[in-house]
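Report on the structure
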Amino acid sequence: MTSETPPLDTTPASPITQRKYRIATEIVTVDNADEHGAASVPIYQTATFKQKSATQMGEYDYSRSGNPTRSHLENHLAKIMGAARAYAVTSGMSALDVITRLVKSGDEIIAGDDLYGGTNRLLSFLAKTQNVKTHHIDTTNSQSIIPHLSVKTRLVLLETPTNPLIKICDIPAIAKLVHASCPNALVVVDNTMMSPYLQKPLELGADISYHSGTKYLSGHHDLMAGVIGCKTDAIGEQIYYVINATGCGLGPFDSWLLIRGVKTLSVRMDRQQANAQRVAQFLEDYGFKVHYPGSRSHPQYELHHKMAKGPGAVLSFETGDVGTSERIVEATKLWGISVSFGCVNSLISMPCRMSHASIPAHIRAERALPEDLIRLCVGIEDVEDLLEDLYAALVSAGALQDQALEEKLNRLALDGRDAVAKRKD
Ligand SMILES: *Cc1c(COP(=O)(O)O)cnc(C)c1O
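Residues numbered from 1 in each chain as written. Predicted model: local features only at pLDDT ≥ 70, side-chain atom pairs only at ≥ 80, totals over all residues. Heavy atoms only, no water.

Observations concerning the packing of aromatic side chains
For the structure on display, the rule yields 8 aromatic pairs. Aromatic pair Tyr 87 and Tyr 240: ring centres 6.1 Å apart, planes at 35°, arrangement tilted. Residue Tyr 87 is located in strand β1 (residues 85-89), and its partner Tyr 240 is located in helix α7 (residues 233-246); the two are separated by 153 residues in the primary sequence. A residue is classified by how much of its surface remains accessible, and Tyr 87, at 4% relative accessible area, is buried. Residue class for Tyr 240 comes out buried when judged on its relative accessible area of 7%. Here the aromatic rings of Tyr 216 and Phe 341 are separated by 5.7 Å at their centres, their planes lie at 55°, and the arrangement is tilted. Here Tyr 216, found in the loop between β6 (208-212) and β7 (226-230), pairs with Phe 341, found in the loop between β10 (336-337) and β11 (347-349); they are 125 residues apart in sequence, far enough to count as distant. Of the residues examined, Phe 341 reaches a relative accessible area of 3% and is grouped as buried. Taken together, the aromatic side chains of Phe 282, Tyr 286 and Tyr 391 make up a single cluster linked through ring pairs. Between Lys 215 and the ring centre of Phe 341, over which it is positioned, the NZ or CZ distance is 4.8 Å. (Phe/Tyr/Trp six-rings, centres within 6.5 Å; stacked < 30°, edge-to-face > 60°. Helix = DSSP H or I, 4+ residues; strand = E, 2+ residues; numbered from the N terminus. Buried < 20%, exposed > 50% of the residue type's maximum accessible area, 1.4 Å probe, protein only. Lys NZ or Arg CZ within 6 Å of the ring centre and 35° of its normal.)

Some words on the site of the ligand
Around the ligand, the surrounding shell consists of Ser 91, Gly 92, Met 93, Tyr 116, Asp 190, Thr 192, Ser 212, Thr 214, Lys 215, Met 224, Ala 225 and Phe 341. Take Thr 214: an N or O atom from its side chain is 2.6 Å from an oxygen atom of the ligand. Here the ligand, which alone exposes 380 Å², has 94% of that area covered by the protein. Looking at the shell around the ligand, its residues break down into 5 nonpolar, 5 polar and 2 charged. (Near = heavy atom within 4 Å. Polar contact = N/O pair within 3.5 Å; in protein donor to acceptor, adjacent residues only side chain to side chain. Areas by Shrake-Rupley, 256 points an atom, 1.4 Å probe, with all protein chains shown as cover. Nonpolar A, V, L, I, M, F, W, Y, C, P; charged D, E, K, R; others polar.)

Describing the pairing of strand β3 (residues 133-137)
One ladder, built from 5 bridges, connects strand β2 (residues 108-112) with β3; its direction is parallel. Opposite Glu 108, over in β3, you have Lys 133 as the bridge partner. Viewed along the sheet, the connection from β2 through helix α4 (residues 117-130) into β3 turns out right-handed. (Pairing = 2+ DSSP bridges. Right-handed = clockwise from strand over helix to strand, strands pointing away.)

So, the side chain of Thr 324
Tracing the backbone shows Thr 324 in helix α11 (residues 322-331). The residues contacting Thr 324, other than those within four sequence positions of it, are Thr 319, Ala 397 and Ala 399. (Contact = heavy atoms within 4.5 Å.)

Re the sheet that holds β3
Spatially, 7 strands are ordered β1-β7-β6-β5-β4-β2-β3 in an open sheet, and the strand pairing comes out mixed. One side of each edge strand has no neighbouring strand; the edge strands of this open sheet are β1 and β3. Mean inter-strand twist for the sheet, computed between neighbouring axes without regard to direction, equals 20°. Two elements, β6 and β7, share 5 bridges in a ladder whose sense is antiparallel. From the neighbouring strand, Tyr 210 faces β7, where its bridge partner is Ile 228. Helix α5 (residues 171-181) rests against β4 (153-159) and β5 (186-190) of the sheet, and its axis sits at about 155° to β5. (Axes fitted to C-alpha atoms, helices over the stretch in contact; angles between N-to-C directions.)

Some points on empty space enclosed by the protein
For the structure shown, the criterion picks out 4 cavities of 30 Å³ or more. Its boundaries defined by the atoms lining it, the second largest cavity holds a volume of some 50 Å³. For the second largest cavity, the full set of lining residues is Asp 113, Asp 114, Leu 115, His 356, Ile 359, Ile 363, Arg 364, Arg 367 and Leu 369. There are two domains that each give the lining of the second largest cavity at least three residues, and those are domain 1 (23-262) and domain 2 (265-404). (1 Å grid on protein atoms, 1.4 Å probe; cavity = no way out; pocket = protein on both sides within 12 Å on 5 of 7 lines; lining within 4 Å. Points joined across faces, edges and corners; volume = space filled by probe spheres on them. Domains from an automatic or database assignment.)

Below, the structure written as structure tokens:
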């Protein structure tokens, strides 16, 4: 679809800075050579830019093609992702849409079998409308890709860890297999669960790494964005061509918000991850089956830690009973019932009822996605409060026995009812 010669002007506003410092320092250090010395990157809330003459175009002319606030964001992201070029678009799905436009009718995609729901939906759409077939494989076994590699393979789409089953795939091993037999294929990694702070797919052999900026990069659930990092300028030019052609570049205000959010990525992630580690341990101590790459019992613990600097802050656990899981989710007070993750606040959900409900039940069963699975996305609250709230919910749902606490909770519920009754009097 993008075989015409790219592009206009994809030159970033300022040259990509090589990383000079450790990652936490780079993350908070945004280059900004503003003529007035503004400490924060200014918001260029403008659609057009005046030109000096009719024949000589300046660096910017129209915000769909380029905007200085977006360029600052993109340069910063390229630096922390280890990318030759990075681009910011309107959502994570829009990032994948841009990437899949590099695929022509008749080409094929190979992807995991435990993908983000929206990714599944877009791939099904491509199969139905564009004659682009996707082979779903179990990416935990790198060899399983071999029978599907062919001259038709254009994209290999990986997620690691997956969500919510937290399966890990070997990015370097798969990239090697793909590049050895399909020089035309691009290895693409959805790195949303890890963020560039913890894992850098481009340094592990991927050609493209993308993120939903809605999650950890922004960190506050107050904007939607997608980010695409490209290993080479040549891939970057193809991606830029699609973004300019389709008009999905991130607007100036959201670009500014994302710059603001990303500066605190390392402190948020350190804290969220430390909290998640405690929560995982707590649940394991009570005998629940926990899925978390920070847990020693995770079957791919070693592999994950070879690729990533930490386990992240999303985990899931099984209770053995769907009703019990529903009661737990509804009994928590601090943990907000919500889809999504990456926010500073802690969230709880039941994937089969919420984020993954669009996947038909028989396919969920095929993929061994337990109906009772609870997903926890751990935030930056005081972990003692998070544990107390979870403990009380487990007891009140009947998943744990604690006579004294149960009586206390009952009393509190009665007191609450009395207080409401009194207010009504
Ligand atoms: C949320 C998410 C997306 C989609 O991103 P949006 O910003 O919601 O469009 C893609 N992949 C993963 C792993 C996600 O969690």
